[in-house]
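# Summary of the model geometry
Listed here are the chains, written in short residue letters.
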Amino acid sequence: MNVAEIASTPTEKYGVGQPVSRTEDPRLITGRGRYTDDINLESQAYGYVVRSQYAHGTINGIDVEAAKAVPGVLAIYTGADLDRAGYGSMPCALPLKSRDGSPLVVPPHRPFAVGRVRYVGDPIALVVAETPAAAKDGAEAVFADIDPLPAVTDIDAALAADSPTIWDEAPGNVALDWQGGDVEAVEKAFAEAAHVTKLSLVNNRAVVVPMEPRAAIAEYDSGSDRFTLHVGCQGVFGLRQSLANAIMKIEPERLRVRTYDVGGSFGMKAGAYPEYVALLHGARDLGRPIKWCDERTGSFLSDLHGRDSKVEAELALAEDGTFLATRVIGAANMGAYISNFGAMIPSANIVKNMPSVYRTPLIAVATKCVFTNTTPVTAYRGAGRPEANYFMERLVDAAARETGRDPIDLRRQNMIEPGQIPFTAASGQVYDSGDFTAILDKCVDMADWHGFAARRQASAKAGKLRGIGLASYLEVTAPPRPEMGGIRFEPDGTVSMITGTLDYGQGHASTFAQVMVDKLGIPFERFRLIQGDSDQLLAGGGTGGSRSAMASSAALLAAGNQVIENARQLAAHVLEAATTDIEFDKGRLRIVGTDRSISLLDLAERVRDADLPADLPPGLDAALVQDAPVSSFPNGSHICEVEVDPDTGAVEVVRYVVVDDFGTLINPMLVEGQVHGGVVQGIGQALMEHVAYNDDGQLVAGSFMDYAVPRADQVPSMGFASHPVPATTNPLGVKGCGEAGVTGALPAVMNALTDALAETGAAHIDMPATPERVLAALGKI
């Protein structure tokens, strides 16, 4: 496409609301992606990380002499070396306190273990060599003299009186004993309730398993005394600040973080990792870049895991079925260390999200965050939102069954009505928009709920059990952070959008370009997106918590306003008119009442190197930092149908329907894709994914031979519809969509399975509902 063709491309095809394909897809599907492992620097060396083979043990010493003698080995760095360099701990600054007022216990998390190892995979040394093979050979020659100690991997075992102590500063292995909500009022409501539904629920641990394992390349320039880290992450600005300020203890300007294509993350790659510190240290020490790419086995061991909690969840109802209060008492597995987000997920995020779409007036949550000898846990697609909605929707279905009510009617009866919005939920969150009953009704119609009996009868004739499950959900997206919006007109005629979120599969380049097409009237094909270079950012909240469309769009729109104001002043100069006589519309600046005009792109070229008066802007470019909009409240309903083979215990998801409210849809096609992906991850956790450890703390499910994730033939075609009610709290009216699919899927799938098993009298089953567990629920093993 030549310049003339680009200039004439109709913007209407590419504005907000259009199903535009991702601009990066042709490059990625033809093998032209640029992931961290695709990058190679001149004279680079290679690193391999030595990890603890014990879940718990005392380090007597690490003998590296034999490893140093391996041909090609250049250097070996241990925890003692990094300690001597004065590096700090992996950061966690969560402002959480236990019910007695004491702060969250955050023991030191050194880059590499010193004195004691606390989980299988705990890094203890970095071997650097001329080739990857030499680095691995050297790693195999490192001898770690470790005396094993008793290990504990399970929440209940960690809380037992005779459990081994993992951290002296955390007696009883409790990092946090948190309580939220109105406990006394909730107790009173339960005492006066006509009916109380109570469920014991497990939120099983998951390995994140992105397609791209973690990788990084560190380099150091002695001339400028600056480091550069090339790494896949979720936001280069935040990672730079974390590494520089908390760990390396250098000015942030001395560290540049660069990210290219990222093959998935789901929360796991959001923060700093120990390996990055060792690589940066080694690059400065050797004066050479060091490249490290984890193997899949290493990823299973060391990538932060997700989920892992157990709760007793309760719902109090009045005689007429009105919800009076909810209560959750439980414990969550933090792993061996407290990650940057780990303790927030089972505590404050449950309170925020559990009220969901209902008028339930009261909530109380009590959570113990517990240390174990397992891989640390962090945010994983939803980070408390799926858990909270899972607890609530399992309770609602169980309450309907116990009280003989229709599950649809019970939900509808307790849902917030449009006329009650804005509505202050029991969490304290103020819902600004929503049409929850209409979404429920639309989903019920799409799923042909009332035709289910015939489908169940047909399955029975084929020897299968069939169940149907409903889940209505509401999420509270991540809180706001300052975000950068930048617009830069490049010499080649393209326009760069600069912002501090980061795409790792969401399709930001197309989405943000669509917003700016509407704002500036510039052809879609002219826009380029810059997110992955910390040197070009003034601020950046990163991508996470389903906030990118809100945060970056708002910041870019503000930058667009500045571009237009700059353009009006410059156009007045070029067209020899007063600024007040210049109007802007669809990419052109025009003198009011005349046919004299100039396009934004032509104006940018005209003034690029012009000698302009001092009182005029130097160009059209704009760069600013803006407070991001407050949280939004995406919501919807999912309906799932499953078939169960009672002879094998196999569960098949056979029908799936979703109706969502994501406010204004910038790109409906990409939104639907996000939902599909989330639903698949929900199916995976509900039916198959499970991180299994043995009694010694060894990871039993440590490869794709042992850890099951959904395959294409296990996922049904999905019906998807949108019922948008624009948010009132951000310029576009958008609501986050990245995590909603899994939030609705967990309870929908499990409610469907519970419904199928209820025919046999088996009323309860926990995730993951593997064939073995299904057969056990059916009393066959």
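Scroll up for the structure.
The text that follows walks through the structure, step by step, so that each part is easy to find. This structure is a prediction, so every number in the text was calculated from the model and none was measured.

Moving on: the overall build of the protein chain. Helix and strand counts for the protein chain stand at 21 helices and 28 strands. At 28 Å, the protein chain has a C-alpha radius of gyration in line with the 28 Å of a compact globule built from 781 residues. Taking the principal axes of the C-alpha coordinates as reference, the protein chain spans close to 85 × 70 × 55 Å. Out of the 781 residues belonging to the protein chain, those deemed buried represent 60%. Taking the contacts inside the protein chain whose residues are at least 6 apart along the sequence as the reference set, 79% of them involve residues at least 24 apart. Surface accessibility of the protein chain: about 28800 Å² in total, with carbon and sulfur atoms responsible for 51%. Averaged over its 66 positive side-chain charges, the protein chain has a centre that lies 1 Å from the centre of its 97 negative ones.

The next point concerns the pattern of salt bridges. Following the criterion strictly, the structure yields 44 salt bridges and no others. With its nearest N and O atoms 2.4 Å apart, the salt bridge here joins D81 to R84. Of this pair, D81 and R84 both sit in helix 4 (residues 79-84), three residues apart, which is roughly one turn of the helix. On the accessibility criterion, D81 (22% relative accessible area) is partly exposed. The residue R327 makes a salt bridge to E314 at a minimum N-O spacing of 2.9 Å. Linking R327 in strand 14 (residues 323-335) with E314 in strand 13 (residues 309-317), this pair joins segments that are 13 residues apart in sequence. Accessibility expressed as a relative area gives 18% for R327, which makes it buried. Among the ionic contacts, a cluster of salt bridges with common partners joins D448, R455, R466, E641, E643 and R655.

The tally for this structure, following the rule as stated, stands at two cavities of 30 Å³ or more. If you trace the largest cavity, you find 18 residues lining it, with M90, H109, A272, P274 and L304 closest to the centre. Taken together, the residues of the lining of the largest cavity sort by class into 11 nonpolar, five polar and two charged. Looking at the second largest cavity, its volume works out to about 140 Å³. Only strand 13, strand 14, strand 15 (363-371) and helix 12 (385-403) provide two or more residues apiece to the lining of the second largest cavity. Of all the elements, strand 14 adds the most residues to the lining of the second largest cavity, at six residues.

This part covers the packing of helix 12 against helix 20 (residues 740-758). Packing of helix 12 against helix 20 brings their axes to within 8 Å, and their N-to-C directions diverge by 30°. Classified by the angle their axes make, helix 12 and helix 20 are roughly parallel. The two elements helix 12 and helix 20 meet at a crossing, and its hand is right-handed. Between helix 12 and helix 20, the residues in contact are R385, P386, N389, Y390, E393, R394, D397 and R401 and V742, T743, L746, P747, M750, N751, T754, D755 and A758, respectively. Taken together, the residues of the contact of helix 12 with helix 20 break down into seven nonpolar, four polar and six charged.

What follows deals with the sheet that holds strand 10 (residues 226-231). Read from one edge of the open sheet, seven strands run 3-5-1-12-9-10-11, paired in mixed fashion. In this open sheet, the two strands that pair with only one neighbour each are strand 3 (73-78) and strand 11 (255-258). With direction set aside, neighbouring strand axes in the sheet form an average angle of 20°. Pairing between strand 1 (residues 45-51) and strand 12 (residues 290-293): two bridges, direction parallel. From the neighbouring strand, A45 faces strand 12, where its bridge partner is I290. Of the strands in this sheet, strand 1, strand 3 and strand 5 (123-129) are in contact with helix 5 (residues 132-141), which crosses strand 1 at around 25°.

Pairing geometry for strand 9 (residues 215-221) and strand 12, over four bridges, is antiparallel. Among the inter-strand pairings, A215 is bridged to a residue of strand 12, identified as C293.

What follows is about helix 14 (residues 436-446). Every buried residue of helix 14 is accounted for by F436, T437, I439, L440, C443 and V444. All buried residues of helix 14 lie within an arc of 160° about the axis, which places them on one face of the element. Among the structural elements, helix 13 (407-414), strand 17 (430-431), strand 18 (465-474), strand 26 (635-644) and strand 27 (651-661) are those in contact with the buried residues of helix 14. After helix 14 finishes, the residue D448 shows a positive phi value of roughly 50°.

Right, let's talk about the sheet that holds strand 27 for a bit. Strand order in the open sheet made by the four strands is 18-26-27-28, with mixed pairing throughout. Of all strands in the sheet, those bounded by a partner on one side alone are strand 18 and strand 28 (718-722). On average, each strand axis in the sheet is tilted by 10° relative to the strand beside it, whichever way the strands run. Pairing geometry for strand 18 and strand 26, over 10 bridges, is antiparallel. Within the sheet, the bridge partner assigned to L474 lies in strand 26 and is N635. Where helix 14 meets the sheet, its contacts fall on strand 18, strand 26, strand 27 and strand 28, and the angle it forms with strand 26 comes to roughly 30°.

Parameters at a glance
Throughout this description, residue numbers start from 1 for each chain and increase along the sequence as written. With pLDDT at 70 or above as the cut-off, local features in this predicted model cover only qualifying residues; side-chain atom pairs require 80 or more to be listed or tallied, and sums for whole chains, interfaces and linings still use all residues. Each side-chain value is worked out from all heavy atoms of the structure, with water and hydrogens disregarded. The helix count covers DSSP runs of H or I at least four residues long, the strand count covers runs of E at least two residues long, and both are numbered beginning at the N terminus. In this description the radius of gyration comes from C-alpha coordinates, and the expected globular size is given by 2.2 Å times residues to the power 0.38. Each residue is assigned to one of three classes by its accessible area relative to the maximum for its type, calculated with a 1.4 Å probe on protein chains only: buried under 20%, partly exposed between the two thresholds, exposed over 50%. Residues are treated as being in contact if the distance between any of their heavy atoms lies within 4.5 Å. Throughout, the Shrake-Rupley method with a 1.4 Å probe supplies accessible areas, and for residues the shown protein chains are the sole cover considered. As used throughout, the charge tally considers Lys and Arg to be positive and Asp and Glu to be negative, leaving His and the chain termini uncounted. Here the site of a charge means NZ on Lys, CZ on Arg, CG on Asp, or CD on Glu. Salt bridge, as used here, is a side-chain nitrogen of Lys or Arg placed within 4 Å of a carboxyl oxygen of Asp or Glu. Only protein atoms enter the 1 Å grid used here, on which a cavity is any set of points holding a 1.4 Å probe that cannot leave and a pocket is any open set flanked by protein within 12 Å on both sides along at least five of seven lines; residues with an atom within 4 Å of a point are listed as lining. Grid points are joined across faces, edges and corners, and a volume is the space filled by probe spheres set on the points. Gly is placed with the polar residues, together with every amino acid not listed as nonpolar (Ala, Val, Leu, Ile, Met, Phe, Trp, Tyr, Cys and Pro) or charged (Asp, Glu, Lys and Arg). With axes taken as lines fitted to C-alpha atoms, and helix axes fitted only over the stretch in contact, angles between N-to-C directions fall between 0 and 180 degrees. By the definition adopted for this analysis, an angle is roughly parallel if under 35 degrees, roughly antiparallel if over 145, roughly perpendicular if from 65 to 115, and oblique otherwise. Crossing handedness is read from the near helix: turned anticlockwise from the far helix by less than a right angle, it gives a left-handed crossing, and turned clockwise, a right-handed one. Any two strands with at least two DSSP-identified bridges between them are counted as paired. The arc in question is the one spanned by the directions pointing from the helix axis to the C-beta atoms.

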